[in-house]
Amino acid sequence: MSAYNQTVASITFRAVLGRRRALLFAIPALVLIGTAAVLRLTHPADPAWPTRILGSFGFSVVLPLTALIIGTSVLGAEIEDGSIIHVLATPVRRRAVILTKYVVAVATTVVFACVPELLAGIIATGGLTRFAVGLFVGALAGAVIYNALFVSLSAATTRALAVGLLYVLLWEGVLANFTGGARVLSIGHYALAMAVAVAPGSGIDPGISLAAACVLGAVVTVAALVLAIRKLSAFSLRADAA
Amino acid sequence: MTGIELRGVSRWYGNVVAVNDITMTVGPGVTGLLGPNGAGKSTLLHMVAGFLQPSRGQVTLGGEPAWRNPGLYRKAGIVTERESAYPFLTGREFVRAAACLHELADPVAATRRAIGLVDMVGPMDRRIATYSKGMRQRIRVAAALVHDPEVLLLDEPFNGMDPRQRLHMMDLLGRLGGQGRTILFSSHILEEVEQLSGTIQVMVAGRLAASGDFRAIRRLMTSRPHVFLVRSGDDRRLGAALIGRPAVSGVELTRGGLQVSASDYGAFAAEIARLTRDEGIRLRELLPADESLESVFSYLVSS
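This structure is a prediction, so every number in the text was calculated from the model and none was measured.

1. Describing the overall build of chain B
Part 1 of the argument: Helix and strand counts for chain B come out as ten helices and 14 strands.
Part 2 of the argument: Compactness check: chain B gives a C-alpha radius of gyration of 24 Å against a globular reference of 19 Å for 303 residues, more than 25% above the reference.
Part 3 of the argument: Seen along its three principal axes, the alpha-carbon backbone of chain B occupies a region of about 80 × 40 × 35 Å.
Part 4 of the argument: Evaluated residue by residue, chain B yields a buried proportion of 44% over its 303 residues.
Part 5 of the argument: The long-range share in chain B, meaning contacts at least 24 apart out of those at least 6 apart in sequence, stands at 67%.

Here it is in structure tokens:
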């Protein structure tokens, strides 16, 4: 079975979760849950606050940024310090390395972004409502697609974190919200479209149809992973200056 | 047994040529790749290891291409110069992971054997983050040996090792080479390469400068003309006198003094003492001008 490698998975999980870095991606999630809890307790007059908090903050900030930190760390650190050689100097298929790390990234993102999104949704709407489930589904889709992009960026450039941040903050954060055209290439909007499909009437407008979101999401995911496998197959060591 | 073959291999980065048209064959036994820093040794090793694509030429190991060939690693092990290894794993876990990645039938036994070979049994259950540089180097060698490869490539393997560890590693590599494996390692220290290799390949500025056993290389290096910088009371007169002597092969008047090339420096030393006395010239300074390793290597390139 050359798509998943248990040894690579174990090492990647330990690298991602071991260390204080795990706390880094827990913080946005905790803030999300905390804010939802506080707002619920204080009952603000604005009835649309669940939408605002979970839609805007959850989908635009927590989800992509958590996926960015996780997605770039499953491969990026090892490429940068050269320890990826210990995996690559073996007969393990490059495809298995990429896909395994990708799976670890998605699983970790589900725990640190999707589940908190669900919990915040439950708190905000008072139970396992359609709205909460819809957001969870959308977040899952986001985890799948975002991580494909970020793992791919890690394989393609050493500046994956910076490029990813530019994408999330500038492209998705600013452009996509103001230009209809940019939404077609915004993973956040694909995720939102899927959330809205499960929970219509929540007042969120994803700006793109479900069909388009599914197709584009699938295309982006597959293309990103294929690119990542290609890049890793041609991985090159640069000699140090010495 | 597996050999390494390079045919017309070059590698450049834009305008910089790191490896320049190298053709060589590396057979069983220990071969040392010697050269100053920046000579292109690491670049060459990376290409042999399949982790860098040559700009031109072919690199093969046992007849198989090195580039984009993961199957190659069943019979080759690599120890790179950068000392990275997963700090959160213990030494044993690290080698065991390598054994599993190589799909070995009995990873536990292979791990034990490899760790024993590099004499790291004591610290093997401590995390790599707690290891010294030399220990990390040794555990990486263990991981490269765990699948019993026919070919072993090491980039500056003795970096960071104390004399005892270095002796131990040399002994290990010597034994492995004696078993018929093909071992290629790089170093910029002549003594390391001398003690260990059967064959030495000398690289300077990307080119293969010399090739042979250590005695031949030593001879090449000591028979080169020596250059001295002489300052005296009357450089021109001294220069004119010196060029008449057989031990002297060249004389040049420069702003800093008299540059003298001597093909036989022992004779030259005696000559200059006698000449300056006989001619009544005061000798102020006599300095060797080219004792650096780089100049030795450059000489080898031009010869």
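2. Observations concerning the overall build of chain A
Part 1 of the argument: A count of helices and strands for chain A gives eleven helices and zero strands.
Part 2 of the argument: Listed by position from the N terminus, the elements making up chain A come as α-α-α-α-α-α-α-α-α-α-α.
Part 3 of the argument: Radius of gyration (C-alpha) of chain A: 18 Å, near the 18 Å computed for a compact globule of 242 residues.
Part 4 of the argument: Dimensions along the principal axes, computed over C-alpha positions, put chain A at roughly 65 × 40 × 40 Å.

3. Some remarks on the interface of chain A and chain B
Part 1 of the argument: Chain A puts 25 residues into the contact, and the matching count from chain B is 27 residues.
Part 2 of the argument: Among the elements of the structure, α1 (6–17) and α5 (85–88) of chain A are those that each provide at least two residues to the side of chain A that touches chain B.
Part 3 of the argument: Of the residues assigned to the side of chain A that touches chain B, the class counts are twelve nonpolar, eight polar and five charged.

4. Remarks on helix α5 (residues 163–178) of chain B
Residue and element names in this part refer to chain B.
Part 1 of the argument: With 16 residues, α5 extends 22 Å between its outermost C-alpha atoms, agreeing within 8% with the 22 Å of an ideal straight helix rising 1.5 Å per residue.
Part 2 of the argument: M169, L173 and G177 are the residues of α5 that are buried. All buried residues of α5 fall inside an arc of 75° around its axis, so they share one side. Across α5 from its buried face, at more than 90 degrees, point the exposed residues R164, D171 and R175.
Part 3 of the argument: Of the surrounding elements, those touching the buried residues of α5 are β3 (29–34), β8 (182–187) and α6 (190–196).
Part 4 of the argument: Looking one or two residues beyond α5, the residue adopting positive phi is G180, at roughly 100°.

5. Observations concerning the domain arrangement of chain B
A common way to express how large an interface is: the accessible area buried when the components associate.
Part 1 of the argument: Domain boundaries assigned for chain B yield domain 1 (4–220) and domain 2 (223–302).
Part 2 of the argument: Taking only C-alpha atoms, the centre of domain 1 of chain B and the centre of domain 2 of chain B are 42 Å apart.

6. Describing unusual backbone geometry
Residues and elements named next belong to chain B.
Part 1 of the argument: The phi angle at E156 is positive, at roughly 50°, despite the residue not being glycine.
Part 2 of the argument: Within the element layout of this structure, E156 appears in the loop between β7 (151–155) and α5.
Part 3 of the argument: Despite not being glycine, A205 shows a phi value in the positive range, around 50°.
Part 4 of the argument: Tracing the backbone shows A205 in the loop between β9 (199–204) and β10 (207–213).
Part 5 of the argument: With 18 C-beta atoms packed within 10 Å, A205 lands in the partly exposed category.

7. Regarding the pairing of strand β11 (residues 226–232) of chain B
Residue and element names in this part refer to chain B.
Part 1 of the argument: Burial runs high along β11: five of the seven residues are buried.
Part 2 of the argument: Judged from the five bridges that link them, β11 and strand β13 (residues 257–262) form a sheet pairing that is antiparallel. Of the residues in β13, the one forming a bridge with V227 is S261.
Part 3 of the argument: Relative to strand β14 (residues 283–288), β11 runs antiparallel, the two being bridged by five bridges. For S232, the partnering residue across the bridge sits in β14 and is L283.

8. Description of the sheet that holds β3 of chain B
All names here are of chain B.
Part 1 of the argument: Here we have six strands laid out as an open sheet, ordered β6-β7-β8-β3-β9-β10, and mixed in their pairing. The sheet terminates laterally at β6 (76–79) and β10, the two strands that pair on one side only. Going from strand to strand, the sheet's axes swing by 15° on average, the running direction of each strand aside.
Part 2 of the argument: Here five bridges tie β7 to β8, and the two strands are oriented parallel to one another. Looking at β8, one finds that L153 is bridged to L184.

9. Some details on the packing of helix α7 (residues 130–156) of chain A against helix α11 (residues 210–233) of chain A
Residue and element names in this part refer to chain A.
Part 1 of the argument: At a minimum axis distance of 8 Å, the contact between α7 and α11 shows a crossing angle of 25°. Classified by the angle their axes make, α7 and α11 are roughly parallel. In terms of crossing hand, the pair formed by α7 and α11 is left-handed. On the side of α7, the interface is formed by A141, V144, I145, A148, L149, V151, S152, A155 and A156, while α11 contributes G217, V220, T221, A224, L225, L227, A228, K231 and L232.
Part 2 of the argument: Counted by class, the contact of α7 with α11 contains 14 nonpolar, three polar and one charged residues.

10. With respect to the nonpolar core
The nonpolar side chains of a soluble globular protein tend to be buried with one another.
Part 1 of the argument: In terms of nonpolar packing, the biggest core is built from 149 residues, with I139 and A142 of chain B touching the most fellow members.
Part 2 of the argument: If one sorts the elements of this core by residue count, α7 of chain A sits on top with 17 residues.

11. As for the sheet that holds strand β4 (residues 56–61) of chain B
All names here are of chain B.
Part 1 of the argument: Ordered in space as β2-β1-β4-β5, the four strands form an open sheet in which the pairing is antiparallel. Edge positions in the open sheet fall to β2 (16–26) and β5 (64–65), since each of these has one partner strand only.
Part 2 of the argument: Here β4 pairs with β5 via two bridges, running antiparallel. Each residue of the ladder has a partner; that of L61, found in β5, is E64.

12. Focus: helix α2 (residues 91–101) of chain B
Residue and element names in this part refer to chain B.
Part 1 of the argument: Within α2, ten of the eleven residues are buried, which leaves the element mostly enclosed by the surrounding structure.
Part 2 of the argument: G91, R92, F94, V95, R96, A97, A98, A99, C100 and L101 are the residues of α2 that are buried.
Part 3 of the argument: Downstream of α2 by a residue or two, E103 has a phi angle that is positive, lying close to 55°.

13. With respect to the confidence of the model for chain A
A low pLDDT score tells you not to read the predicted coordinates there in detail.
Part 1 of the argument: A residue-level look at chain A finds 95% of positions with pLDDT of 70 or above and a mean pLDDT of 88.
Part 2 of the argument: At the level of individual helices and strands, chain A shows its lowest average pLDDT in helix α9 (residues 180–183) of chain A, which scores 72, and its highest in α11 of chain A, which scores 96.

Parameters at a glance
Residues numbered from 1 in each chain as written. Chains lettered and ligands numbered in written order. Predicted model: local features only at pLDDT ≥ 70, side-chain atom pairs only at ≥ 80, totals over all residues. Helix = DSSP H or I, 4+ residues; strand = E, 2+ residues; numbered from the N terminus. Rg over C-alpha atoms; globule rule 2.2 N^0.38 Å. Buried ≥ 20, exposed ≤ 12 C-beta atoms within 10 Å, placed from the backbone. Contact = placed C-beta atoms within 7 Å. Nonpolar A, V, L, I, M, F, W, Y, C, P; charged D, E, K, R; others polar. Expected span 1.5 Å × (residues − 1). Arc of directions from axis to C-beta. Domains from an automatic or database assignment. Pairing = 2+ DSSP bridges. Axes fitted to C-alpha atoms, helices over the stretch in contact; angles between N-to-C directions. Parallel < 35°, antiparallel > 145°, perpendicular 65-115°, else oblique. Left-handed = near helix turned anticlockwise from the far one by under 90°. Core = buried A, V, L, I, M, F, W, Y, C linked by C-beta atoms within 7 Å. pLDDT = per-residue confidence, 0-100.

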